[in-house]
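Observations on the three-dimensional arrangement
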Amino acid sequence: MTSQTRKSPAISPSPAQQAFVEQEIRRRRQVTICRVMLLVLLLALWELASSRHWIDSFIFSSPSLIVKCLWDMAADGSLFLHSGVTLLETLASFGICTAASLACALALWSSKSLAQILEPFLVLLNSLPKSALAPLLIVWLGNNMRTIITAAVSVAVFGSILTLYTGFVQIDPEKIKLIRSLGGGQKDILFKVLLPGSLPMVISSMKVNIGLCLVGVIIGEFLSARAGLGYLITYGSQTFAMTMVVTSIVVLCFLSIVLYQCIAAVERRMMGSSK
């Protein structure tokens, strides 16, 4: 007689669990509605203050002027050009920063002596204001996209290395002892304990890095750019086109939200597949 696999019956949630889930869903809906209402209220007050001349629309702009500027920039293609340049530079710097910080943190974890030698220098470089390096980068690398990407990487990479290394050394030592007692080596510890156990921390570091890389790109574009949202902000401030400046900032906010949500979606997918 062949053995048949018996499926365990699904356990239905209790009334208390159902009530808790429904309450949590209602709370999240209320939070979303309040967020939308707050945003609409702020925009309405801004537009009202501008139309009633409580504030100078030439300096502070207004939602209607921003929408018109977005429409005009989308019509002539400049919106997609400058947003695309900033997005490309951000993604390039984010990829370099993630790979470099992970590789360096693993190197520090694998060699205690190397970590003790380099840690003070990493702390020093991380605390150094990166805007002070931007003029030097222009002289060293020239006025091009490579300078902007390097500036963006310098903003995020040192802090990311320190964060990842600190997380790596805090991995449960009992698990490492278990791997060694079973005859495993450094490679087994790396791929069976360290990386799987550090995955949430790595994703959290990526969430921070994507924002820092965007900040670094804008800093680089302020000083060395012929295109990009940072270039538009600089150009608009020099020509007193304040609506262009505010519109560029709005697009930057939207871009940062999209990039962060992309990383969050990757996190949800990876955490779901690991369960």
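Right, let's walk through the structure included here. This one's a predicted model, so the numbers in the text were calculated from it and none came from an experiment.

**Focus: the packing of aromatic side chains**
Aromatic ring pairs: the centre-centre distance and the angle between the two ring planes describe each pair. Going through the model one piece at a time under the given rule, you end up with one aromatic pair. Consider the rings of tyrosine 231 and tyrosine 235, whose centres lie 6.2 Å apart with planes at 20°: the pair is stacked. Placement of both tyrosine 231 and tyrosine 235 in helix H10 (residues 229–238) is noted, with a separation of four residues, approximately one turn of the helix. Judged by its relative accessible area of 28%, tyrosine 231 is partly exposed.

**Overview of the layout of surface pockets**
Approximately 300 Å³ is the volume found for the largest pocket. Along the walls of the largest pocket sit Leu39, Leu43, Trp46, Pro63, Ile66, Val67, Leu70, Val250, Cys253, Phe254 and Ile257, which together make up its complete lining. Counting residues per element, the ones that place at least two in the lining of the largest pocket are helix H1 (15–51), helix H3 (63–76) and helix H11 (242–274). Taken together, the residues of the lining of the largest pocket sort by class into eleven nonpolar, no polar and no charged. By volume, the second largest pocket amounts to about 170 Å³. Lining of the second largest pocket is provided by Leu108, Trp109, Ser110, Ser111, Lys112, Ala115, Gln116, Tyr165, Val169 and Gln186. Those elements giving two or more residues to the lining of the second largest pocket turn out to be helix H4 (78–110), helix H5 (112–127) and helix H7 (145–169). Residues belonging to the lining of the second largest pocket are distributed by class as follows: five nonpolar, four polar and one charged.

What counts as what
Residues numbered from 1 in each chain as written. Predicted model: local features only at pLDDT ≥ 70, side-chain atom pairs only at ≥ 80, totals over all residues. Heavy atoms only, no water. Phe/Tyr/Trp six-rings, centres within 6.5 Å; stacked < 30°, edge-to-face > 60°. Helix = DSSP H or I, 4+ residues; strand = E, 2+ residues; numbered from the N terminus. Buried < 20%, exposed > 50% of the residue type's maximum accessible area, 1.4 Å probe, protein only. 1 Å grid on protein atoms, 1.4 Å probe; cavity = no way out; pocket = protein on both sides within 12 Å on 5 of 7 lines; lining within 4 Å. Points joined across faces, edges and corners; volume = space filled by probe spheres on them. Nonpolar A, V, L, I, M, F, W, Y, C, P; charged D, E, K, R; others polar.

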